[in-house]
Amino acid sequence: MSKREKKIKWADDPKITIAQSLYFPAIVEGLKTTISHIFAPRSTREYPEVEPTLPPNYRGVHRLNRDDKGNVKCVACFLCQTACPAFCITIEAAPAPRDDPQWADRDKYPATFVIDELRCIYCGMCEEACPVDAIELTSIYDLTGSSREEMIYDKEKLLQVFDETSKSPKDPVRTHRGELGMASEEIK
Amino acid sequence: MTWMNTWPSLLAIIIVIAVMPIAALYMTFLERKIAAWVQDRVGPNRVGPAGAFQAIADAVKIMLKEQVIPDHVNRGVYFVAPAISVFTATFALCVVPFGPVPLNSGDGVRYIIAPHIDTGLMFLFSIASLSAYGIILGGWASNNKYSLYGAVRSCAQFLSYEIPLGLSVLGVVATSGTLNIETIVHHQSSGWFGWNIWWQPLGAILFFVSALAETNRLPFDLPECEQELVGGFHTEYSGIKFVMFFLAENIHVVTVSILTVLLFFGGWHFPGLESQSEWGFIGFLLRFFVVYAKVMAVIFFIMLLRWTLPRFRFDQLMGLAWKGMIPLGLLNFFGVVLAMSFGWPLWTLAVVSTTLVFAAGWINVGRARSAVARRAQMAHDVVIGVGN
């Protein structure tokens, strides 16, 4: 036996037994697996009948939060519009009425606040950017509409989303309920 | 023949024509449900309670589908092929009792179109083998290389498995002494051990396997193999014509299941229901229930097999028929002939069957081992060099 031959490790095919060559045990084994799956729990999600349980940080449709007085919390700082990678937020700022005690806590407020929900990629960066916790993403995932115009959410619509969702345990207002955040404290 | 003698046959014809397509339709539903259950899914459940009307919705959808006829097809044959498939599948049911049939043909309702045909099995097999025409003509008329390949493949499979199919029932025919299906069933009326499965286990297995191959069911669905091929013979078919091929296939599955039950599992006989005098209404219903419980079990088994066994390679398919099942069928028949001519008791047939199965197993082990040794020697020669 040469040196080269000694180095070779021979791996033979396993020898088949009579049980294997008859096929029947293998077929029975396979049928056992198949039948056991008939009685296994289903993995189908029956969606419209059974709503999915979403994780608490699920990012769905936006809402604009209200403060204690019922005004929109947003101070029109444009941080969310700047942070948005999809350019779906358009804000027009207006000076807050100075004499009105309702608006005493801020300089500006959004005259219009429009989010194009079709453009949005639901990354949640607007929520992260907001200094006064005015914009939040809710757990509404089944957003539908019959036209593109319908899917462009203006301020009223976004506040309406707040009114609809803030009471539900699924979408609690996450931070600083009622008052504005730290960024507004200099004005006070 | 008077009118009074013909009405049961007319009734049976109406039942076959009306019920068979619906049964075949519902088999697609059952198939989808079982597929879903095996894969831990729920399956179709939108149309009607638990999806029960899905099959009807499918049928309506298919009826209303546009008929797309490619320009390059041979139009006449193209239209005839699916019709031949359905016609042969339905025509074969002519001699198959699809419910209990009293031995005395005068007794009321009988679930067979042509009762007491003495060449029943022969007729059945000759008609059923005509269904190869539907497939080969479909492939030919499509005027498409892949369809023709599919058709040729399928035809080769049909021809190969006709032989073990015929050989497998010869044992039953010899022990019962008749080709008449009702008489064969009648011969199995003596309780559990009257059933042919005990005396012809090998025949039953061969029959079932080659019948699966004849119906193009998995693991023998080489003509179609949904996942691997360009459709096979029905590539150029769509809409109702496409479905007619599958209708034929499903009718074949029903026929085969009924035949398996009738030939090997005692038909409408069950221990405790043997006496022929019980042809009252209750007895009749019970027998009806018995035969359909058995048929459903076989259909269920066929569908489970689909999700259990992988598909054959084409050479394996041919090897199984020519090197395995045909010799086994011949030897089994030889055993039956010996037992019949020397008057050996029935249990010797079971011994013969079992011996044959194990002998085949041993031969297979030897073949596989020598193949392994040959491959090892070849590898050795390549690596070391011959004569080194």
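Residues numbered from 1 in each chain as written. Chains lettered and ligands numbered in written order. Predicted model: local features only at pLDDT ≥ 70, side-chain atom pairs only at ≥ 80, totals over all residues.

A.B. asks: How would you summarise the overall build of chain B if you had to cite specific residues and measurements?
C.D. replies: Check the secondary structure of chain B and you find 13 helices and 0 strands. Starting at the N terminus and walking to the C terminus, you meet the elements of chain B as α-α-α-α-α-α-α-α-α-α-α-α-α. Here the C-alpha atoms of chain B give a radius of gyration of 23 Å, agreeing with the 21 Å that 2.2 N^0.38 yields for 388 residues. Structurally, chain B occupies a C-alpha span of about 85 × 65 × 45 Å along its principal axes. Buried residues in chain B amount to 41% of all 388 residues. Long-range pairs, those at least 24 residues apart, make up 80% of the contacts in chain B with a sequence separation of at least 6. (Helix = DSSP H or I, 4+ residues; strand = E, 2+ residues; numbered from the N terminus. Rg over C-alpha atoms; globule rule 2.2 N^0.38 Å. Buried ≥ 20, exposed ≤ 12 C-beta atoms within 10 Å, placed from the backbone. Contact = placed C-beta atoms within 7 Å.)

A.B. asks: So what's going on with the packing of helix α9 (residues 201-214) of chain B against helix α10 (residues 239-264) of chain B? Which residues, and what values?
C.D. replies: Residues and elements named next belong to chain B. Packing of α9 against α10 brings their axes to within 10 Å, and their N-to-C directions diverge by 170°. Considered as vectors, α9 and α10 are oriented roughly antiparallel to each other. Contacts between α9 and α10 pair A204, F207, F208, A211 and E214 from the former with H252, V256, T260, L263 and F264 from the latter. Across the contact of α9 with α10, the residue classes tally to 7 nonpolar, 2 polar and 1 charged. (Axes fitted to C-alpha atoms, helices over the stretch in contact; angles between N-to-C directions. Parallel < 35°, antiparallel > 145°, perpendicular 65-115°, else oblique. Nonpolar A, V, L, I, M, F, W, Y, C, P; charged D, E, K, R; others polar.)

A.B. asks: So what about the environment of B:R217? Which residues, and what values?
C.D. replies: Residue and element names in this part refer to chain B. Along the chain, R217 falls in the loop between α9 and α10. In the structure, R217 is positioned 92 residues away from L309 in sequence and 11 Å away in space, judged by C-alpha atoms. Apart from residues lying up to four places away in sequence, R217 is in contact with L212, V253, I302 and R306.

A.B. asks: Any details on the pairing of strand β3 (residues 108-116) of chain A? Residues and values, ideally.
C.D. replies: Residues and elements named next belong to chain A. As defined by bridge partners, strand β2 (residues 89-95) adjoins β3 across 7 bridges and the pair is classed as antiparallel. Bridge pairing links A94 to Y109 in β3. With 2 bridges joining them, β3 and strand β5 (residues 152-153) adopt antiparallel strand pairing. Note on β5: the bridge partner recorded for I115 is Y153. (Pairing = 2+ DSSP bridges.)

A.B. asks: Please provide a residue-by-residue account of the sheet that holds β3(A), values included.
C.D. replies: Residue and element names in this part refer to chain A. Taken in spatial order, the 3 strands make up an open sheet running β2-β3-β5, and their pairing is antiparallel. With one partner strand each, in any of the chains shown, β2 and β5 form the two edges of the open sheet. Packed onto the sheet, helix α6 (residues 155-165) meets β3 and β5 and runs at close to 85° relative to β3.

A.B. asks: Could you give an account of the packing of helix α6 (residues 145-176) of chain B against helix α12 (residues 314-342) of chain B, with specific residues and numbers?
C.D. replies: Residues and elements named next belong to chain B. At a minimum axis separation of 9 Å, α6 and α12 run at an interaxial angle of 15°. Taken together, α6 and α12 sit at an angle that is classed as roughly parallel. Every pair of crossing elements has a handedness; the one defined by α6 and α12 is left-handed. Partitioning the contact of α6 with α12 into residue classes produces 18 nonpolar, 7 polar and 1 charged. (Left-handed = near helix turned anticlockwise from the far one by under 90°.)

A.B. asks: So what's going on with the nonpolar core? Residues and values would help.
C.D. replies: Generally speaking, a soluble globular protein has its nonpolar side chains buried in company with each other. Residue and element names in this part refer to chain B. Ranked by internal contacts, the top residues of the largest apolar core, which has 90 residues, are V96, F207, L247, I258, L262 and L263. Per-element accounting of this core gives the leading share, 16 residues, to α10. What F207 contacts, discounting residues up to four positions off in sequence, is L165, S168, V169, T260, L263 and F264. (Core = buried A, V, L, I, M, F, W, Y, C linked by C-beta atoms within 7 Å.)

A.B. asks: A description of the interface of chain B and chain A should follow, citing residues and the corresponding values.
C.D. replies: Chain B puts 21 residues into the contact, and the matching count from chain A is 22 residues. Listing elements by their share of the side of chain B that touches chain A, those giving two or more residues are α1 (3-38) and α13 (347-384) of chain B.

A.B. asks: Talk me through unusual backbone geometry; I want residue IDs and the actual numbers.
C.D. replies: Not every positive phi belongs to a glycine, and A:F78 is a case in point at roughly 70°. Within the fold, A:F78 resides in the loop between β1 (62-64) and α4 (79-83). Exposure remark for A:F78: the 14 C-beta atoms within 10 Å place this residue in the partly exposed category. For B:D40, which is not glycine, the phi dihedral falls at a positive 60°. Relative to the helices and strands, B:D40 is located in the loop between α1 and α2 (54-63).

Spatial relationships are all this shows, so hold off on functional conclusions.
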